Amino acid sequence: MRALVGGRDYGGSQFNRATQALRQPGSAFKPFVYLAGLEAGLRPSDHFVDGPISIGNWQPHNYTGRYLGSITLADAFAQSINTVAVQVEMRAGVSRVVAAAHRIGIGAELAHDASLALGTSEVTLLDLTGAYTAFANGGMGVWPHGIAEIRDRGGKVLFHRSGDGLGRVIAPEIAAEMTELMTGVLTHGTGKGAMLDRPAAGKTGTTQDFRDALFVGFTADLVAGVWLGNDDNSPMNKVTGGTLPAQTWKSFMLAASKGMPVRPLPSAPGGILPLPAPSEPAAPAIARASSWIESLFGGTSTPARAIVKEPLAAPPQRRESK
């Protein structure tokens, strides 16, 4: 890890929201669903019908409340269409989705039910960001770590980390297809606000009532994840993953990548099919009025600071995501 921020004020709260907080990732979990789908034989050009569906007594809905009809898997991913994500999960099987997420680095227990496709199982931001590294590495998984070496005052090496982590966890061709899908999120999907001056890919995530908003993405050199929310799980003021988290991610990545050569993202030998043209506009950018950032967090004046010193426990809820 090159950098990690777990809160705004360590004196006010020692709780690390990046490593300790278990929060629902929303649609930032969908890459694992689509990974399982591709591994089960689906392709980005396959068509699905975005329309009302029922899984038992549960009826997932899209964030917009609208349906687009026939849509490719690639465009459904870019636009974060919930009904298609659930269909992909059903085609692959929930057990395959759980296995794929665990295989590439998610350590949390995941619910074996259909709502998992919409990111209802809680994870840490560290695990989620670390798992995305497998996509950035062309299918090679890693264990996130912050200490590479420890030396004493005399320079003697007391500890040196060895090993690169999980090894190959995704076939190169499928990893390349996933990278293409995640690139589409930035080029014509919900993550347009994260567009950089170099190739990049990622995924937005928003949970029900705007309680969590995320953007996790990568370039050829760096992987980064951003989560925004309130410690007491109260709703924010309509913050989605494609707005402030995507913009925060962009600002950080522009600064962190300054001076680095522009490099392409990993791709499979021979390349893969380009993504289809967009069918829906991305989320609008945030208007920067006075005190705009404060207004996003339900009226609090210090959005990144804990409302309570330690998070309150809250039972998991089934949420619609974006």
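This structure is a prediction, so every number in the text was calculated from the model and none was measured.

So, how was this worked out
Residues numbered from 1 in each chain as written. Predicted model: local features only at pLDDT ≥ 70, side-chain atom pairs only at ≥ 80, totals over all residues. Heavy atoms only, no water. Helix = DSSP H or I, 4+ residues; strand = E, 2+ residues; numbered from the N terminus. Buried < 20%, exposed > 50% of the residue type's maximum accessible area, 1.4 Å probe, protein only. Axes fitted to C-alpha atoms, helices over the stretch in contact; angles between N-to-C directions. Parallel < 35°, antiparallel > 145°, perpendicular 65-115°, else oblique. Left-handed = near helix turned anticlockwise from the far one by under 90°. Contact = heavy atoms within 4.5 Å. Pairing = 2+ DSSP bridges. Polar contact = N/O pair within 3.5 Å; in protein donor to acceptor, adjacent residues only side chain to side chain. Nonpolar A, V, L, I, M, F, W, Y, C, P; charged D, E, K, R; others polar. Core = buried A, V, L, I, M, F, W, Y, C linked by side-chain atoms within 4.5 Å. 1 Å grid on protein atoms, 1.4 Å probe; cavity = no way out; pocket = protein on both sides within 12 Å on 5 of 7 lines; lining within 4 Å. Points joined across faces, edges and corners; volume = space filled by probe spheres on them.

Here we look at unusual backbone geometry
Leaving glycine aside, a negative phi is the common case for residues, and trans is the common case for peptide bonds. Located in the positive-phi region is F210, a residue other than glycine, with phi close to 60 degrees. Inspection of the secondary structure assignment puts F210 in the loop between β7 (201-206) and β8 (212-218). With a phi close to 60 degrees, K238 is a non-glycine residue in the positive phi region. The class of K238 is exposed, set by a relative accessible area of 61%.

With respect to the packing of helix α1 (residues 30-39) against helix α4 (residues 94-103)
Their axes nearest at 8 Å, the elements α1 and α4 cross at an angle of 110 degrees. The angle between the axes of α1 and α4 places the two elements in the roughly perpendicular class. The way α1 lies across α4 gives a crossing that is right-handed. In this structure, α1 uses F32, V33, L35, A36 and E39 to contact α4, whose residues at the interface are R96, V97, A100, A101 and R103.

Let's talk about the pairing of β8
Of all seven residues that make up β8, seven are buried, and the element is covered over most of its length. Neither face of β8 is open: one carries D212, L214, V216 and F218, the other A213, F215 and G217, and all of them are buried. Of the pairings in the sheet, the one linking β8 to strand β9 (residues 223-229) comprises seven bridges and is antiparallel in character. Its bridge partner lying in β9, G217 is registered against A224. Hairpin connection, β8 to β9: the antiparallel pair is bridged by four residues.

Concerning the side chain of R17
Along the chain, R17 turns up in the segment before α1. Among the polar contacts made by the side chain of R17, one reaches the main-chain carbonyl oxygen of F15 at a distance of 2.6 Å.

Observations regarding α1
With nine of 10 residues buried, α1 is to be regarded as a mostly interior element. Among all positions of α1, only K30, P31, F32, V33, Y34, L35, A36, G37 and L38 are buried. Structurally, α1 contributes buried residues whose contacts are with α2 (73-78), α3 (82-92), α4, α5 (125-136), α6 (172-188) and β7. G41 sits one or two positions beyond α1 and adopts a positive phi of about 115 degrees.

Description of the packing of α1 against α3
Relative orientation of the contacting elements α1 and α3 amounts to 45 degrees, with a least axis distance of 8 Å. Accordingly, the angle class assigned to the pair α1 and α3 is oblique. Crossing handedness for the pair α1 and α3: left-handed. Within the contact between the two elements, α1 uses K30, V33, Y34, A36 and G37 and α3 uses N82, V84, A85, V88, E89 and A92. When its residues are assigned to classes, the contact of α1 with α3 shows seven nonpolar, two polar and two charged.

Side note on the side chain of R23
Here R23 shows up in the segment before α1. A relative accessible area of 11% means that R23 is categorised as buried. Only 3.0 Å separates the side chain of R23 from the backbone oxygen of N230, close enough to count as a polar contact. Only 3.1 Å separates the side chain of R23 from the side chain of N233, close enough to count as a polar contact. If sequence neighbours within four positions are ignored, R23 has contacts with S121, E122, V123, R211, D212, W227, N230, D231 and N233.

Here we look at the nonpolar core
For soluble globular proteins, nonpolar side chains are generally found buried alongside one another. With 69 residues, the main nonpolar core has F32, Y34, I104, L128, F135, I170 and W249 as its most contacted residues. Those residues in contact with W249 that sit more than four places away from it in its chain are A194, L196, A200, F215, G217, F218, A224, G225 and V226. Membership of the second largest hydrophobic core comes to five residues, among which are A213, L228, M236 and V239.

Considerations on the environment of V98
Here V98 lies in helix α4. For the pair formed by V98 and L110, sequence separation is 12 residues and the distance between their alpha carbons is 6.5 Å. Contacts of V98, omitting those with residues within four sequence positions, involve L110, A111, H112 and L116.

Examining empty space enclosed by the protein
On inspection of all chains with the given rule, the structure shows two cavities of 30 Å³ or more. One number sums up the size of the largest cavity: a volume of about 70 Å³. Contributing to the lining of the largest cavity are R17, A21, R23, Q24, P25, V123, T124, L125, L128, L214 and W227. When the residues that make up the lining of the largest cavity are grouped by side-chain class, the tally is seven nonpolar, two polar and two charged. As a volume, the second largest cavity reaches approximately 30 Å³.

With respect to the sheet that holds β7
Within the open sheet, the three strands sit side by side as β7-β8-β9. Their pairing is antiparallel. The open sheet is flanked by β7 and β9, the only strands paired with a single partner. Across the sheet, the mean angle from the axis of one strand to that of its neighbour is 5 degrees, orientation sign disregarded. Most of the contacts of helix α7 (residues 244-256) go to β9, to which it runs at about 140 degrees, and overall it touches β8 and β9.

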